[in-house]
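So you can see what is in the structure, the chains are spelled out below.
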Amino acid sequence: MSRKTLIAALLPLATGLAAVPAWADINVGVSLAATGPAASLGIPEKNSIALLPTTVAGQKVNYIVLDDATDSTTAVKNIKKLISENKVDLVIGSSTTPSSLAMMDVAVENETPMISMAGSAIVVEPMDAKRHWVFKSAQNDAHMATAIVEHMTNNNVHSVAFIGFADAYGQGWFKEFAKIAEARKIKIVANESYQRNDTSVTGQTLKILAAKPDAVLVGAAGTPAVLPQKTLKEKGYKGAIYQTHGVANADFLRVGGKDVEGALLPVGPMMVAEQLPNDNPVKKSALEYVKKYEGVHGKGSISSFGGHAWDAGVLLSNAIPAALKKAQPGTKEFRKALRDAIEGSKNLPAAHGIFNMTPQDHQGFDQRARVMVKVENGTWKLIK
Amino acid sequence: MDLQILLLLGQDGLTNGAIYALLALALVLVFAVTRVIFLPQGEFVAYGALTLAAIQAGKLPGTVWLAVILGIAVVLIDGGLALKSGNLKRLPRIVLGNLGLPLVLLGLISGLEAEALAALALPLQILLTLGIVVPLGPLLYRLVFQPIAEASSLVLLIVAVALHMTLIGLGLVFFGAEGFRTQPFSDGALEIGPLLLQHQTLWILFASAALIAVLYVLFERTVYGKALRATALNRTGARLMGISTTMAGKLSLGLAAFIGALSGVLVSPMTTLYYDSGFLIGLKGFVGAIIGGLASYPVAALGAVLVGLLESYSSFYASAFKEVIVFTLIIPVLVWRSLTSHHVEEEEE
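Conventions we followed
- Residues numbered from 1 in each chain as written.
- Chains lettered and ligands numbered in written order.
- Predicted model: local features only at pLDDT ≥ 70, side-chain atom pairs only at ≥ 80, totals over all residues.
- Heavy atoms only, no water.
- Helix = DSSP H or I, 4+ residues; strand = E, 2+ residues; numbered from the N terminus.
- Rg over C-alpha atoms; globule rule 2.2 N^0.38 Å.
- Contact = heavy atoms within 4.5 Å.
- Areas by Shrake-Rupley, 256 points an atom, 1.4 Å probe, with all protein chains shown as cover.
- Lys, Arg positive; Asp, Glu negative; His and termini not counted.
- Charge placed at Lys NZ, Arg CZ, Asp CG, Glu CD.
- Domains from an automatic or database assignment.
- Buried area = accessible area lost by both parts, 1.4 Å probe.
- Salt bridge = Lys/Arg side-chain N within 4 Å of Asp/Glu carboxyl O.
- Polar contact = N/O pair within 3.5 Å; in protein donor to acceptor, adjacent residues only side chain to side chain.
- UniProt positions renumbered as here; feature names shortened; annotations may be inferred.
- Phe/Tyr/Trp six-rings, centres within 6.5 Å; stacked < 30°, edge-to-face > 60°.
- Lys NZ or Arg CZ within 6 Å of the ring centre and 35° of its normal.
- Axes fitted to C-alpha atoms, helices over the stretch in contact; angles between N-to-C directions.
- Parallel < 35°, antiparallel > 145°, perpendicular 65-115°, else oblique.
- Left-handed = near helix turned anticlockwise from the far one by under 90°.
- Nonpolar A, V, L, I, M, F, W, Y, C, P; charged D, E, K, R; others polar.
- Buried < 20%, exposed > 50% of the residue type's maximum accessible area, 1.4 Å probe, protein only.
- Pairing = 2+ DSSP bridges.
- pLDDT = per-residue confidence, 0-100.
- Expected span 1.5 Å × (residues − 1).
- Core = buried A, V, L, I, M, F, W, Y, C linked by side-chain atoms within 4.5 Å.

## Concerning the overall build of chain A
Within chain A one finds twelve helices and 15 strands. The C-alpha radius of gyration computed for chain A amounts to 22 Å, which stays within 12% of the reference 21 Å derived for 384 residues, consistent with globular compactness. Each principal axis of the C-alpha distribution contributes one length, and for chain A these read about 80 × 50 × 40 Å. Within chain A, counting contacts between residues at least 6 apart in sequence, those at least 24 apart form 67% of the total. In the form shown here, chain A has an accessible surface area of approximately 15,300 Å², with 56% of it arising from carbon and sulfur atoms. Between the mean site of the 42 positive side-chain charges and the mean site of the 35 negative ones, chain A shows a separation of 1 Å.

So this is what it looks like as structure tokens:
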């Protein structure tokens with residue numbers, strides 16, 4: 001063996017020894033979309049990870065945060081790196097559905113539990129051997145879609161036009177919404193799509209107006225959701241306009257201004273934590289997060305996405321004590337114990353709702369995880 | 001589809017088309033003078049809009065720092081070269097020309113209180129915005145394209161792609177991931193028959209027409225414009241006549257930055273713009289420029305308006321396929337171009 005190969009053989013060993021911290025530490029890998037198209041999701045998530053407890057049950061917890069730039073290939077690279085180099089016990093990520101789906105395979109291969117912050121139900125459904133290791137802290141789109149349909153039926157809406165992103169978000173919403181709306185006898189009279197970066201939706205709007213719907217649902221996320229509502233109002237549309245929970249951040253209100261007044265949408269209860277009645281089971285846990293986040297980033301800075309990262313942390317912190325009883329961090333047994341403990345989360349209050357995990361349901365929220373709000377005077381107003 | 005919808009869509013298409021036309025002109029100009037397919041053109045749109053939005057929010061836009069830092073880099077390089085050749089007399093001009101305006105604007109904006117900045121009259125805010133974004137053009141030319149001015153157009157294109165990526169990344173750092181909308185130039189709308197024209201729409205059409213007229217005069221009547229045209233026609237010949245190709249390059253990128261920033265300022269009240277919005281807008285201008293063969297200004301402008309109209313009508317008929325329809329347009333155009341025009345292989349070294 002030449003000297004060179006000897007060094008080459010020893011080097012990883014030496015660096016490996018240096019990189020592995022004292023065995024007591026719990027390492028949590030985080031991959032999120034801090035840049036790229038989903039940066040408005042990833043940035044508050046990153047901020048919230050920084051607020052998570054660094055000691056749980058007397059054990060130090062290290063968070064290793066990587067940016068996947070809203071790119072599923074990078075997300076896979078990240079999780080490989082987190083598992084092989086940082087020897088993480090659990091992975092939180094990613095912000096979007098495509099990245100989460102891509103990361104899943106690596107997590108399963110290495111038997112590492114993973115908590116996704118993405119919206120689509122396909123991350124945890126249908127339950128199979130792969131999704132055995134995967135949990136999700138964000139509400140499924142279906143949770144939110146039922147809230148909208150419920151509000152529509154209560155308010156005598158019989159026909160709805162849909163305009164959404166020409167991507168997975170818009171299409172996914174249309175599918176969920178159409179399924180539930182059909183069951184409740186609401187007619188969908190138009191289905192239009194547009195791009196996140198479009199500068200005009202006049203054509204789509206005119207077509208919607210021609211269909212004369214009772215209400216319009218905008219299936220878009222973040223500030224791009226302002227454009228259809230603004231154009232509809234400009235062209236004289238008088239019916240109700242529904243938005244999805246993807247718009248629930250301060251920037252939507254800032255950009256939308258008076259154009260988005262009156263918009264109806266479902267949100268996680270944390271967005272209106274202070275307006276919740278005192279007997280609401282989510283109020284206390286939601287306020288805890290809101291106060292922490294606003295304490296650092298200023299009033300009105302919260303967004304639902306940050307809440308999903310926080311809730312992933314809630315699941316983790318709740319599971320650690322039970323897992324510690326079974327095995328030491330950094331081992332395969334600990335990861336398995338951690339997974340089992342997360343699956344056993346019962347009546348766990350978080351910022352967005354109450355987790356009740358089962359072997360079949362790795363999301364765990366129920367109807368307590370959403371409320372309907374209306375945009376009034378530039379703020380979210382809870383509809384009682 | 002009735003007449004009113006037809007008219008409304010036409011008006012929408014014209015408004016967008018006017019912006020694409022401006023960008024198409026800038027692309028043709030830069031390509032003709034420097035042989036660079038200037039992909040970062042769209043970034044100037046986003047920078048212009050977002051810089052104005054930052055000013056209106058009373059914040060110091062990050063683009064000022066970019067201008068200052070680029071200015072310092074150019075001063076260091078050019079100053080170093082001047083020192084080496086012992087040409088000390090040029091130093092003050094180098095410093096003033098590259099760093100003067102950015103520094104003055106930096107001092108001016110950071111000197112103002114946030115409220116005072118936000119309360120400035122709109123024309124002043126726009127002037128500030130242009131003052132910040134336009135110098136980026138010549139500075140970027142000096143740093144990025146001038147050293148490789150004689151490279152093949154493929155190399156120039158690759159560098160342009162790299163610059164585009166860099167500017168998008170910087171945009172995210174400066175302005176964050178969320179979009180902004182600026183205040184309209186004037187509120188209200190004008191009623192003509194069945195049409196309701198927003199004032200901002202009129203501003204866009206008017207400003208585009210005016211800018212095209214100004215560009216025409218510039219190219220036909222002024223020495224600088226003629227120098228640009230000469231460089232575009234024949235670089236070597238222009239140099240022999242004493243026209244500095246470096247100056248022509250800087251000037252064309254300065255114009256491109258001006259057109260881009262102005263387009264951004266014009267559209268930002270109509271729609272929400274993001275740090276990465278510019279690319280798609282620029283790309284549609286590019287389709288227009290391709291229709292003009294990257295050479296003819298009037299055809300490029302008409303092509304861009306056509307893109308705007310096509311986009312508007314296809315968003316009505318088949319919104320899911322809008323982009324497909326718009327960008328597929330490029331294929332028949334290229335086929336037709338390659339069949340009708342006499343193709344000259346580019347000389348490679």
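## Things to note about the domain arrangement of chain A
As a measure of interface size, the accessible area lost when the parts come together is often cited. Residue and element names in this part refer to chain A. The domains assigned to chain A are domain 1 (3–139 + 302–366) and domain 2 (141–267). Interface area for domain 1 against domain 2, summed over the two sides, is near 830 Å², with a carbon-plus-sulfur share of 52%. Here domain 1 and domain 2 share zero salt bridges between them. At the junction of domain 1 with domain 2, the criterion picks out two residue pairs in polar contact (both at pLDDT 80 or more).

## Focus: the UniProt feature "domain: Leucine-binding protein" (unreviewed entry) in chain A
Within this structure's numbering, the places UniProt gives as "domain: Leucine-binding protein" (unreviewed entry) are residues 26–372 of chain A. Taken end to end, residues 26–372 of chain A comprises 41% helix and 18% strand; its first and last C-alpha atoms sit 38 Å apart.

## Quick look at the packing of aromatic side chains
Overall, the coordinates contain 16 aromatic pairs over all chains when judged by the stated rule. The structure contains a cluster of three or more aromatic residues connected by ring pairs, namely A:Phe165, A:Tyr169 and A:Tyr194. Over the ring of B:Phe316 we find A:Lys207; its NZ or CZ atom is 5.9 Å from the centre of that ring. Between the NZ or CZ atom of A:Arg339 and the centre of the ring of A:Trp133, over which it lies, the distance is 6.0 Å.

## Some thoughts on unusual backbone geometry
All names here are of chain A. Looking along the chain, the bond that leaves Gly93 and enters Ser94 is cis, with omega of -5 degrees. Pro126 follows Glu125 through a cis peptide bond whose omega is -10 degrees. A positive phi angle, close to 65 degrees, is found at Lys185, a residue other than glycine. Position of Lys185 relative to the elements: it lies in the loop between α6 (168–183) and β8 (187–194).

## Brief notes about the packing of helix α4 (residues 91–111) of chain B against helix α6 (residues 122–133) of chain B
All names here are of chain B. Between α4 and α6, the shortest axis-to-axis distance is 9 Å and the interhelical angle comes to 140 degrees. By the angle between their directions, the pair α4 and α6 is classed as oblique. Helix-helix and strand crossings are classified by hand; for α4 and α6 the assignment is left-handed. From α4, Leu101, Leu105, Leu108 and Ile109 reach across to α6, where they touch Leu128, Gly131 and Ile132. Here the residues of the contact of α4 with α6 are counted per class, giving six nonpolar, one polar and no charged.

## Some remarks on the interface of chain B and chain A
With 32 residues of chain B at the contact, the number on the chain A side is 32 residues. Taken together, both faces of the contact between chain B and chain A bury some 2,600 Å²; the carbon and sulfur share is 47%. On inspection of chain B and its partner chain A, the count reaches three salt bridges. Measuring nitrogen to oxygen at the nearest pair gives 2.6 Å for the salt bridge that ties B:Lys322 to A:Asp198.

## Focus on the pairing of strand β9 (residues 215–219) of chain A
Residue and element names in this part refer to chain A. Judged by how many residues are buried, β9 sits mostly within the fold: five of five residues are covered. Side chains of β9 alternate between two faces, with Ala215, Leu217 and Gly219 and Val216 and Val218 buried alike. By the bridge criterion, five bridges tie strand β7 (residues 159–165) to β9 in an arrangement that is parallel. Directly across from Ile163, in β9, lies its bridge partner Val218. Across four bridges, β9 lies against strand β10 (residues 240–243) in parallel orientation. Bridge pairing in β10 links Val218 to Gln243.

## Focus: the pairing of strand β3 (residues 59–67) of chain A
All names here are of chain A. Where strand β1 (residues 26–32) meets β3, seven bridges bridge the pair, whose relative direction is parallel. Looking at the pairing, Gly29 lines up with Ile64 of β3. Sheet analysis places strand β2 (residues 55–56) next to β3, joined by two bridges and oriented antiparallel. Residue pairing for β3: Val56 is matched across the bridge by Gln59. Once β2 ends, the chain turns through two residues before running back antiparallel as β3, passing Ala57 with a positive phi of about 50 degrees.

## Observations concerning the environment of B:Leu195
Residue and element names in this part refer to chain B. Inspection of the secondary structure puts Leu195 in strand β2 (residues 195–198). Residues Leu195 and Ser152, spaced 43 residues apart in sequence, show a C-alpha to C-alpha distance of 50 Å. In this view, Leu195 contacts Leu7, Leu8, Gln11 and Leu190; residues no more than four positions away in its chain are not counted.

## With respect to the sheet that holds strand β5 (residues 114–116) of chain A
Residue and element names in this part refer to chain A. Taken together, the six strands give an open sheet; going across it, the order is β2-β3-β1-β4-β5-β6, and neighbouring strands pair in mixed fashion. Each edge of the sheet is formed by a strand with only one pairing partner; in this case those strands are β2 and β6 (134–136). The pairing of β1 with strand β4 (residues 90–93) spans four bridges and is parallel. Directly across from Gly29, in β4, lies its bridge partner Val91. Along the sheet face, helix α4 (residues 97–109) touches β1, β4, β5 and β6 and points at about 175 degrees away from the line of β5.

## Describing the packing of helix α2 (residues 41–56) of chain B against α6(B)
All names here are of chain B. Packing of α2 against α6 brings their axes to within 9 Å, and their N-to-C directions diverge by 135 degrees. Between α2 and α6, the interaxial angle falls into the category oblique. In this structure, α2 crosses over α6, and the sense of that crossing is right-handed. Judged by residue contacts, Phe44, Tyr47, Gly48, Thr51, Leu52, Ile55 and Gln56 of α2 engage Leu122, Gln125, Ile126, Leu128, Thr129, Ile132 and Val133 from α6. Of the residues belonging to the contact of α2 with α6, the class tally is nine nonpolar, five polar and no charged.

## Quick notes on the confidence of the model for chain A
For residues with low pLDDT, the predicted coordinates do not support detailed interpretation. Mean pLDDT over chain A works out to 88, with 94% of the residues at or above the 70 mark. In the model, residues 11–22 of chain A has pLDDT below 50 throughout and makes one contact with residues more than four positions away in sequence or in other chains.

## A closer look at α2(B)
All names here are of chain B. Along its 16 residues, α2 runs 23 Å from first to last C-alpha, staying within 8% of the 22 Å computed at 1.5 Å per residue. Where burial is concerned, most of α2 is hidden: 16 out of the 16 residues are buried. Residue Gly58 follows α2 closely and has a positive phi angle near 75 degrees.

## Topic: the nonpolar core
Membership of the largest hydrophobic core comes to 83 residues, with the highest contact counts inside it found for A:Val28 and A:Trp380. Of the residues forming this core, the biggest block, ten residues, is contributed by helix α11 (residues 304–326) of chain A. Both of domain 1 (3–139 + 302–366) and domain 2 (141–267) of chain A provide at least three residues apiece to this core. Leave out the neighbours within four places in its chain, and A:Trp380 touches A:Val247, A:Ala248, A:Asn249, A:Phe252, A:Leu253, A:Leu265, A:Met271, A:Val272, A:Gln275, A:Val373, A:Lys374 and A:Val375. The next biggest cluster of nonpolar side chains, apart from the first, holds 81 residues, and it includes B:Phe219, B:Ala261, B:Ala300 and B:Val333.

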